Each structure stands twice: as C-alpha cells, then as structure tokens.
Number of protein chains: 2
Amino acid sequence: MAETVRVVVDAMGGDNAPGEIVKGAVEAVNLDPAIQVILTGRQEAVQAELAKYTYPKEQIEVVHCDEVIETAEPPVNAVRTKKQSSLVVGMNMVKHQEADAIVSAGSSGAILVGGQTIVGRIRGVERPPLAPLIPTEKGVALLIDCGANVDARPSHLVQFAQMGSIYMENVVGMKNPRVAILNIGAEEEKGNALVKDTYPLLKECPGINFIGSIEAREIPHGGADVIVCEAFAGNIVLKLYEGVASTLLAKVKEGLMSSLRSKIGALLIKPALKQTLKSFDASQYGGAPLLGCKGLVVKTHGSATAGDVRNSILQCVTFKQQGINDKIREHICKPKEG
Amino acid sequence: MAETVRVVVDAMGGDNAPGEIVKGAVEAVNLDPAIQVILTGRQEAVQAELAKYTYPKEQIEVVHCDEVIETAEPPVNAVRTKKQSSLVVGMNMVKHQEADAIVSAGSSGAILVGGQTIVGRIRGVERPPLAPLIPTEKGVALLIDCGANVDARPSHLVQFAQMGSIYMENVVGMKNPRVAILNIGAEEEKGNALVKDTYPLLKECPGINFIGSIEAREIPHGGADVIVCEAFAGNIVLKLYEGVASTLLAKVKEGLMSSLRSKIGALLIKPALKQTLKSFDASQYGGAPLLGCKGLVVKTHGSATAGDVRNSILQCVTFKQQGINDKIREHICKPKEG
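The structure reproduced in this document is the subject of the present report.

Each value, and the rule that gives it
- Residues numbered from 1 in each chain as written.
- Chains lettered and ligands numbered in written order.
- Predicted model: local features only at pLDDT ≥ 70, side-chain atom pairs only at ≥ 80, totals over all residues.
- Heavy atoms only, no water.
- Helix = DSSP H or I, 4+ residues; strand = E, 2+ residues; numbered from the N terminus.
- Rg over C-alpha atoms; globule rule 2.2 N^0.38 Å.
- Buried < 20%, exposed > 50% of the residue type's maximum accessible area, 1.4 Å probe, protein only.
- Contact = heavy atoms within 4.5 Å.
- Areas by Shrake-Rupley, 256 points an atom, 1.4 Å probe, with all protein chains shown as cover.
- Lys, Arg positive; Asp, Glu negative; His and termini not counted.
- Charge placed at Lys NZ, Arg CZ, Asp CG, Glu CD.
- Buried area = accessible area lost by both parts, 1.4 Å probe.
- Salt bridge = Lys/Arg side-chain N within 4 Å of Asp/Glu carboxyl O.
- Polar contact = N/O pair within 3.5 Å; in protein donor to acceptor, adjacent residues only side chain to side chain.
- Nonpolar A, V, L, I, M, F, W, Y, C, P; charged D, E, K, R; others polar.
- Pairing = 2+ DSSP bridges.
- Axes fitted to C-alpha atoms, helices over the stretch in contact; angles between N-to-C directions.
- Phe/Tyr/Trp six-rings, centres within 6.5 Å; stacked < 30°, edge-to-face > 60°.
- Lys NZ or Arg CZ within 6 Å of the ring centre and 35° of its normal.
- Parallel < 35°, antiparallel > 145°, perpendicular 65-115°, else oblique.
- Left-handed = near helix turned anticlockwise from the far one by under 90°.
- Core = buried A, V, L, I, M, F, W, Y, C linked by side-chain atoms within 4.5 Å.
- Least-squares fit on C-alpha atoms with pLDDT ≥ 70 in both.

## Here we look at the overall build of chain A
Reasoning step 1: Per the secondary structure count, chain A includes eleven helices and eleven strands.
Reasoning step 2: Taken over the C-alpha trace, chain A has a radius of gyration of 21 Å; the compact-globule value for 338 residues is 20 Å, and the two agree within 12%.
Reasoning step 3: In terms of principal-axis extent, the alpha carbons of chain A reach across some 65 × 60 × 45 Å.
Reasoning step 4: Counting across all 338 residues of chain A, residues that qualify as buried make up 60%.
Reasoning step 5: Taking as baseline every contact in chain A between residues at least 6 positions apart, the subset at least 24 positions apart corresponds to 73%.
Reasoning step 6: Accessible surface, chain A as shown: approximately 13700 Å² in total, 51% of it carbon and sulfur.
Reasoning step 7: Here chain A contributes 36 positive and 37 negative side-chain charges, whose respective centroids are spaced 2 Å apart.

## Concerning the interface of chain A and chain B
Reasoning step 1: Taken together, the 53 residues of chain A in the interface contact 53 residues of chain B.
Reasoning step 2: Taking both partners together, chain A and chain B bury about 4900 Å²; carbon and sulfur atoms supply 73% of that area.
Reasoning step 3: When the buried surface of chain A facing chain B is broken down by residue, I184, F232 and L240 of chain A rank first, second and third, together holding 14% of it.
Reasoning step 4: Remark: the boundary between chain A and chain B carries four salt bridges.
Reasoning step 5: A salt bridge links K239 of chain B to E215 of chain A; the nearest nitrogen and oxygen atoms lie 2.2 Å apart.
Reasoning step 6: On inspection of chain A and its partner chain B, the count reaches 18 residue pairs in polar contact (both at pLDDT 80 or more).
Reasoning step 7: Ranked by residues supplied to the side of chain A that touches chain B, first place goes to helix 8 (residues 231–256) of chain A with 21 residues.
Reasoning step 8: Considering only residue class, the side of chain A that touches chain B consists of 30 nonpolar, 14 polar and nine charged.

## Observations regarding the sheet that holds strand 2 (residues 35–41) of chain B
Each strand in a sheet pairs with another by means of backbone hydrogen bonds, the pair being arranged parallel or else antiparallel.
All names here are of chain B.
Reasoning step 1: Reading across from one edge, 3-2-1-4-11-10 is the order of the six strands in this open sheet, with mixed pairing throughout. Single-partner strands in this sheet number two, and they are strand 3 (60–64) and strand 10 (288–290). For this sheet, the mean angle separating the axes of adjacent strands, direction not counted, is 25 degrees.
Reasoning step 2: Bridge count between strand 2 and strand 3: five bridges; the pairing is parallel. Each bridged residue has a counterpart across the sheet, and for I38 the counterpart in strand 3 is E61.
Reasoning step 3: In the packing of helix 4 (residues 86–95) onto the sheet, contacts are made with strand 1 (5–10), strand 2, strand 3, strand 4 (101–104) and strand 11 (296–299), and the angle to strand 4 comes to roughly 160 degrees.
Reasoning step 4: Packed on one face of the sheet, helix 5 (residues 108–119) meets strand 4, strand 10 and strand 11 and runs near 175 degrees to strand 11.

## A look at the packing of aromatic side chains
All names here are of chain A.
Reasoning step 1: Taken as a whole, this structure holds five aromatic pairs over all chains when the rule is applied.
Reasoning step 2: For the ring pair Y241 and F280, a centre distance of 6.4 Å and an interplane angle of 15 degrees mean the geometry is stacked. Placement of the pair is Y241 in helix 8 and F280 in the loop between helix 9 (260–278) and strand 10 (288–290), with a sequence separation of 39 residues. Taken as a pair, Y241 and F280 share a single burial class, namely buried.
Reasoning step 3: The residue whose ring lies beneath K57 is Y55, and the NZ or CZ to ring-centre distance is 4.1 Å.

## Brief notes about the packing of helix 1 (residues 19–31) of chain B against helix 2 (residues 43–50) of chain B
Residue and element names in this part refer to chain B.
Reasoning step 1: For the pair helix 1 and helix 2, the least separation of the axes is 9 Å and the interaxial angle reads 55 degrees. Relative to helix 2, the element helix 1 is oriented oblique. Note that helix 1 runs across helix 2; the crossing there is right-handed. Each of G19, V22 and V26 in helix 1 lies in contact with helix 2, whose residues at this interface are V46, E49 and L50.
Reasoning step 2: For the contact of helix 1 with helix 2, the residue count by class is four nonpolar, one polar and one charged.

## A short note on helix 5 (residues 108–119) of chain A
Spacing of three or four residues puts side chains on the same side of an α-helix, whose turn is 3.6 residues.
All names here are of chain A.
Reasoning step 1: Most of helix 5 sits out of view: nine of its twelve residues are buried.
Reasoning step 2: Those residues of helix 5 that sit buried are G109, A110, I111, L112, V113, G114, G115, I118 and V119.
Reasoning step 3: In this structure, the buried residues of helix 5 make contact with helix 3 (75–81), helix 4 (86–95), strand 4 (101–104), strand 10 and strand 11 (296–299).
Reasoning step 4: Directly after helix 5, the chain includes G120, whose backbone phi takes a positive value near 90 degrees.

## Some details on the nonpolar core
Reasoning step 1: In terms of nonpolar packing, the biggest core is built from 193 residues, with L39 and I313 of chain A together with L39 and I313 of chain B touching the most fellow members.
Reasoning step 2: Sequence-distant contacts of I313 of chain B, defined by excluding residues within four places in its chain, comprise V7, V9, G24, A25, A28, I35, V37 and V103 of chain B.

## Quick look at the relation of the copies chain A and chain B
Reasoning step 1: Superposing chain A onto chain B requires a rotation of 180 degrees together with a translation of 0.0 Å along the rotation axis, leaving an RMSD of 0.0 Å. Considering both components of the superposition, the chain copies are consistent with a two-fold axis. Relative to the rotation axis, the C-alpha of G265 of chain A is the closest in chain A, positioned 1.9 Å from it.
Reasoning step 2: When the interface residues of chain A are mapped onto chain B, 100% of them again lie at the interface, so the same face is used by both copies.

Right, dumping it as structure tokens:
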C-alpha cells in the first residue's frame, strides 16, 4: 500500500471558501485512499459543508481555527499576529511534520511569508521561489519565480533553475526539461545586469538542460519548459498572460454577439471553441508550489473551485511520492559567484 | 498653408522593403500636401517602385545610399561603419536639420543606437525612451520604455512619465492622460528598488496625472494611458502581448477548424470577428517613437506594410505640428533624487 500523504487544506482561504475548498478535499480523498486531508478553519462551517458529501470519514480531519487572514491584510503582520488563523495553524503543522504539505487559496502574501518564516527553507536553499505553471501551445511551462521577493541575485536564479528542473521532471513528468532565462534578446550579451551575471552560471550549472535566453514572445509558443526570472519580471509575465487572454477572449465574444449572423455562427462553434481553449489552461496540474521549503506549500488562485483544490492536493501527493525535497537537498549546490 | 514637414523614410529597412515602404510614402504624400518625403536607399530599386504610382513628384525625393544595415548585424558596429547606409544617411539628415523626422522598419538596435548617437538627445533629456502604443479594451496605452537601455535610474523614469504624457496628450489626442508605474501590486510599498525609489518622485512631479501603480493584468483592460517602466520590463510586456495574442488566436482558429459544424459557424462569424479584433490594434497610430531626440525617430515594426509606413509618416506630421520637442524642452526638469 502507498505511503499516506498528509495534506493540510486551508478551508477558509479564497473567494469560494469554505464550500469549494471542502468539496475539493472530498473529491481528492475519494480518488486516492493514500491521502489524509486536514481541513483547518471554523469547525461549524466546515462540518456543515462536509455533511453534504459521502467520503471515507477517516481520511478527513477538521482542526478548528478561530481566525481567518483576509486578502487585504498586510501579510507579515497577519502571519505574526493571527496565530489561530487557518493558514498559520496549517503551516505550523507542516513545520512540525504533522503534515507533508499545505494547500491554500488565501492571501498570496501571507502564504509566501508563512512558507518562509513558519515552514522554513531547506538548508542550502537561499530563497524559495513561487513557481506557477502557465499554458503554452505545446502544453505547460514553469515560470520561476513569481513570488514576493524581488531584486534577486544570480545565485538565487541558478537555484530556481535547478529546483524548477526537478519539479518539471518529477511532478509534471517532462523528461529533460529545457531551461531558459527570460531576456530581451536571444544573444548572450543581451540583458540587464542580473541576466548577464546569471547567464554564465547557468551555462556551467550541472544537471540542468540550459538552452539560453528566451524572449517573452516565445513563452506562449512553448519555447522553454522552465523559465527562470526574478520575481518582478515573473509577476509581470504571469499577470499579463491572464490580462491579455481575458481581454482578447472578451473581444472575440463581443465579435460573436455583434450581429444575428455571427450569433448563429457562435452557436455552431461554441462546443469546439470551448474544447480548444480548455487545452490552453494549466489548472489540471494544481496550484503554484513554493519550492525549497521543508514541506510543500501550494498556492492555488483566489477564485479556486473544487477541481483546482482537488488537483492541488493530488499535486502534493506526487510531490511527496517522488521525493522532490530529497532531490532538491541532493542537487542544490551553492554556485560560484562572480 | 501648413508648414512643410520633411520626413526621411528608410526605404531599405524591414521585411517588405523597398516595395511596401515606397508605397506607404506615396500614400502619405497623396493624403497631405504639407509632407515632403525623402526616401533613402538604392536609387534604382526605389525609382522602380515609385514608377508604379501617381503622386505629386515634388513631394518625394530619393537620396541614393549604397549600403543597407541588416537586422542581424551588431547595431553599434553597423551604425559606426556603414556610413552610407539608408539608415545612417537618413539620421544624419535629421541631425543636420535637413529633415524633421525619420521613419524606419529596419533593425531596432541600429535605430536606437543611431537615434542616440547620430540624431542626439535634447539637452536635459537623460535617456531617450522607445515608446510603442499597445492596444487595450478602451483604446491604446503608451508603454514607455521598451528600448535597449536597461537598468534605468529613477530620474529616467520620471522623464519617461513627462515625455509620455506630452506625447499622449498632443499626438494621440488624449486629454490629461493617466500615468502609472508598472508594479507587482497596487500599494505604494510594493515593488523592486527602482519602483520604490521612483514612486515618490512621480507623486511630486508637476504636470503629470500620476495615478499610482499598475499591475500587468490591468494593462490590457486599459487601467492607465501612460505606463512607465524600465526597458527590460517594458520589453517583456510588449513581446508577451504579441505572443499571448497570437497563440490565443491560433487556438481559436484551431477550434473553428476542428469539426464540420464549427467550420460552418466560422464562415458566419468571420466578418464580425475580424471587425472586433481590428479594434484591438494600435497600428493606426503609427510606429514607436524614440522620444527626447533632437528630431523625431520612429521605429515601425519589421513586417511593416504600406499602411504602417503611411501612418508613421502622418504621426511625424502631428509630432512636428504640435511642437512636441518644444514642449519636451519646456517641461523636462531634472527631478530631485533621494
């Protein structure tokens, strides 16, 4: 029998909490008997949701927490003062090895702060990057780092490349993932100071398949599998991806609704279009992992539905079963700097 | 009668040179008797193209140039050594006030280098930014800077905000344009070191309508009219815009072609869809200006067609007639730095 994987799920985080969060947890345990979910949150509300479903009772436990961290709260302060919040209680369980991983759709800032200050970094990891998967023409790519710590150093980016490769190979199942550094031109001499300093370090870094620079234009075309960047740039890529896609699809919809003729056409194309656009979506792979922490911390988006939560929990299972953190411990070497 | 505006057009730059370039020049002079175009390039090839059209002969002059700068050439070296190239000859004409502006679809790098080293900066301008217009749900926004000089300083960004405001107000015709700084969160304390240092300077900068930070997600939704950023970030935004849009439209097309039913639907929606997507396009406003140079330098994209070239020439006319460079001279004050 497979080893049990214990996943804390922050039942109070996100726009659809606790309803969708609890539903996602139920879906996950119904799929895999090896999963043990610990729901942190207001007991009464969580139990009321759980009562709606049939599932193996021994696979879901509820840990009552009085407090909730709201999205608008300053993260450092929230994590420090709200010790009884669903997020902080859950992170402490991971810290004390009472759980292997935590999934939350709550405040990004609080998740990043909690991951670093409560769960803590693996020895040797300089900075834990947040690494969401983004859809491409060819499948998905890992965008590492999109976190809260900007102004990174070259050595951080080298570790991002290493951790990103391990994740893509073992969790997403992509053999020998192509690693590229986000840049404004394809040539080695292009870029800002950080990129120029990092490029030679990546070239000589063992254990990764470094293919050079990638321009932002090539990201959606699937030009690389692991896209290394500092968090400010990563954040821009991630958010612009969403912004351009939603604006463009709104434009397409506007076009479809603009005449009787186009409305009839829209009815005919709807199922096929829906199907193709579904393939341009990375949510089946779960949420964004904060890599390099002593347990796995997964941030799923604020409007996460049950399916997103379920997939994030399954992602934690693969992460644990593939021994990702052991692999990170093994491979992260401090690169020589400048 | 309106004052004559003399525009050099690099007849050899871009994928469609000289055919589309010459055609664009003809279209421009046929629209406006105040335009004087100087086509720089291989005389024989340019004259052969001109011979195809009817236009007021006195409005187009051809200046023969032996050399052409290719896209792949290292720009600094190309500008230095190819003195007889269509681009360098044209830039020297602007420098010597034999022309008011130059339009080129050639090598971006060479245009940026030539603009700075040959045409030269207006006294007081620290760095000339390349400022393309990008389409938004509400119209267009100016993305300033997308140029070649990365690792900018706060004082550069303040000047970008000032020049961008002047351009949007007087060339694009947008009253009191909203200026925002590209950031990874909406709050003032968010951002990297550059953004944090620049934010307070923008807040106290007179003559601009500063509205604070903008997240990349809000750019396509039209959250600001002038988006201030350093060139590395600007380049990412510009190229990702193109990349996501082309990938997504390819996905839509793939969906439309996936079944007989959807193919019939596609025929019905095609005209309406084309019309709406046309509104998500900034090319009617011309190319990207390199602002703060002693004449106007306009970079239009490498695959520019006659219409793009024509619009870029018309943009030079507005630029001159609105006295943009006088306004830049008047308003650019050296901001106080921390």
